[in-house]
Amino acid sequence: MRSLLVALGILLFLALIFIFPLISFYNNAIAKREAIRNQFSQIDVVLKRRYDLIPNLVSTVKGVAIQEQEIFLKIAEARTKYGSAITTEDKIKAANELEGFLSRLLVIVENYPQLRSSESFLKLMDELSGTENRIAVERRRYNEKVREYNTFIKTFPNNILANLFGFKEEPYFETPQVEREVPKVDFENLRGGGK
């Protein structure tokens, strides 16, 4: 009887040695994944703010730049995609697409000096600029959480446990390709086309 209790005690001790690391891994992975979701919700709040500012900005620009209808339609379509996106990946893709069209809109604005002197336009641009800065900060924080989580589930032996428990790599919120391109500056036009 005593040897049976000792054997059970040893088995219980060995089981605890293996179970505690599993529990610890699982709880850490869940906490890191939830931190990513929380951080994305912060991005979502700021993107929603941008989403709400865009119709006012577009209507202000529309009054002056009537011939630029294509960009207005693209922005409306991108807003609709973002509004209907459900997954994190879809929201990231839609937000990046919207960001690209906003960049194009700002290039168009440069062609209309009367628009740049409008008080309502300047106020909207100021709000949009502040919102874009917030998005950049929240995106950086989100990507830090994603890096931390992805590193955690990819390192040995966590990668084995991650596969066992079904933890998958989370996507980064990367800068759209449009923003990575270096803007072209044409000094010839500033000088009137000649030297």
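Counting of residues starts from 1 at the beginning of each chain's written sequence and follows it residue by residue. Since the coordinates come from a predicted model, pLDDT governs what is reported: local features require at least 70, and pairs of side-chain atoms require 80 or more to be given and counted, while whole-chain, interface and lining totals use all residues. With hydrogens and water excluded, all non-hydrogen atoms of the structure serve as input to the side-chain values.

*Asks:* How do you make sense of the overall build of the protein chain when you look at a structure like this?
*Replies:* To qualify as a helix, a DSSP run of H or I must reach at least 4 residues; to qualify as a strand, a run of E must reach at least 2; elements of each kind are numbered from the N terminus. On a plain count of helices and strands, the protein chain comes out with 8 helices and 0 strands. Burial here depends on accessible area, computed with a 1.4 Å probe over protein chains only, as a share of the maximum for the residue type. Under 20% is buried, over 50% is exposed, and the range in between is partly exposed. The buried share of the protein chain, taken over its 195 residues, is 32%. Approximately 12,700 Å² of the protein chain is accessible, and the part contributed by carbon and sulfur atoms is 59%. To measure how exposed things are, a 1.4 Å probe is used in the Shrake-Rupley method; for residues, cover is taken only from the protein chains shown.

*Asks:* Got a minute to help me understand the nonpolar core in this structure?
*Replies:* Across soluble globular proteins, nonpolar side chains have a tendency to be buried as a group. Residues belong to one nonpolar core when they are buried, are Ala, Val, Leu, Ile, Met, Phe, Trp, Tyr or Cys, and are joined through side-chain atoms within 4.5 Å. Core analysis: the biggest nonpolar cluster contains 22 residues, and Phe25, Leu47, Tyr142, Phe167 and Phe173 have the highest contact counts within it. For this core, the elements supplying multiple residues, two or more each, are helix 1 (2–64), helix 3 (88–109), helix 5 (119–154) and helix 6 (158–165). Looking at this core, the element that brings in the most residues is helix 1, giving 8 residues. Should any heavy atoms of two residues lie within 4.5 Å, those residues are counted as being in contact. If we ignore the near neighbours within four places in the chain, the residues touching Tyr142 are Ile36, Gln39, Phe40, Ile43, Thr88, Ile92, Pro171, Tyr172 and Phe173. If you look at the next biggest cluster of nonpolar residues, it comprises 19 residues, including Ile54, Ile71, Phe72 and Ala78.

*Asks:* Is there a simple way to think about unusual backbone geometry in this case?
*Replies:* Cis peptide bonds are those with omega within 30 degrees of zero, and the linkage from Phe156 to Pro157 qualifies with 0°. Looking at the secondary structure, you find Pro157 in the loop between helix 5 and helix 6.

*Asks:* Help me understand empty space enclosed by the protein, please; the structure alone is not making it clear to me.
*Replies:* Regions of empty space are outlined by a rolling probe, equal in size to a water molecule, passed over the atoms. Space inside and on the surface of the protein is sampled on a 1 Å grid over the protein atoms alone, with a cavity defined as a set of points where a 1.4 Å probe fits but cannot get out and a pocket as an open set with protein on both sides within 12 Å along at least 5 of 7 lines; lining residues have an atom within 4 Å of a point. Grid points are joined across faces, edges and corners, and a volume is the space filled by probe spheres set on the points. Evaluation of the coordinates by the stated rule reveals 1 cavity of 30 Å³ or more. Size it by volume and the largest cavity reaches roughly 30 Å³. If you trace the largest cavity, you find it lined by Leu47, Arg50, Tyr51, Tyr82, Ala95 and Leu98. Every element with two or more residues in the lining of the largest cavity is listed here: helix 1 and helix 3. Asp, Glu, Lys and Arg are counted as charged, while Ala, Val, Leu, Ile, Met, Phe, Trp, Tyr, Cys and Pro are counted as nonpolar; the rest, among them Gly, fall into the polar class. Classifying every residue of the lining of the largest cavity by side-chain character gives 5 nonpolar, no polar and 1 charged.

*Asks:* So what exactly am I meant to see when it comes to the packing of aromatic side chains here?
*Replies:* The geometry of an aromatic ring pair comes down to the distance between the two centres and the angle between the two planes. Side-chain rings of Phe, Tyr and Trp, where Trp is taken by its six-membered ring, are said to pair if the distance between their centres is within 6.5 Å; with planes under 30 degrees apart they count as stacked, over 60 as edge-to-face, and otherwise as tilted. For the structure shown, the criterion picks out 8 aromatic pairs. Relative to Phe165, the ring of Tyr26 has its centre 5.1 Å away and its plane inclined at 65°; by these criteria the two rings are edge-to-face. Highlighted residues: Tyr26 in helix 1 and Phe165 in helix 6, separated in sequence by 139 residues. You can call Tyr26 partly exposed: its relative accessible area is 35%.

*Asks:* What is the right way to look at a nonpolar patch on the surface in this model?
*Replies:* Patch membership needs two things, relative accessible area over 30% and no salt bridge, and members are linked within 9 Å if like-charged or within 5 Å if nonpolar (Val, Leu, Ile, Met, Phe, Trp, Tyr). Whenever a carboxyl oxygen of Asp or Glu lies within 4 Å of a side-chain nitrogen of Lys or Arg, that contact is scored as a salt bridge. On the surface, Val6, Ile10, Phe13, Leu14, Ile17 and Phe18 cluster together to form a nonpolar patch covering roughly 600 Å² of accessible area. Residue classification places Ile17 among the partly exposed positions, given a relative accessible area of 40%.

Function cannot be inferred from these measures alone, as they are strictly geometric.
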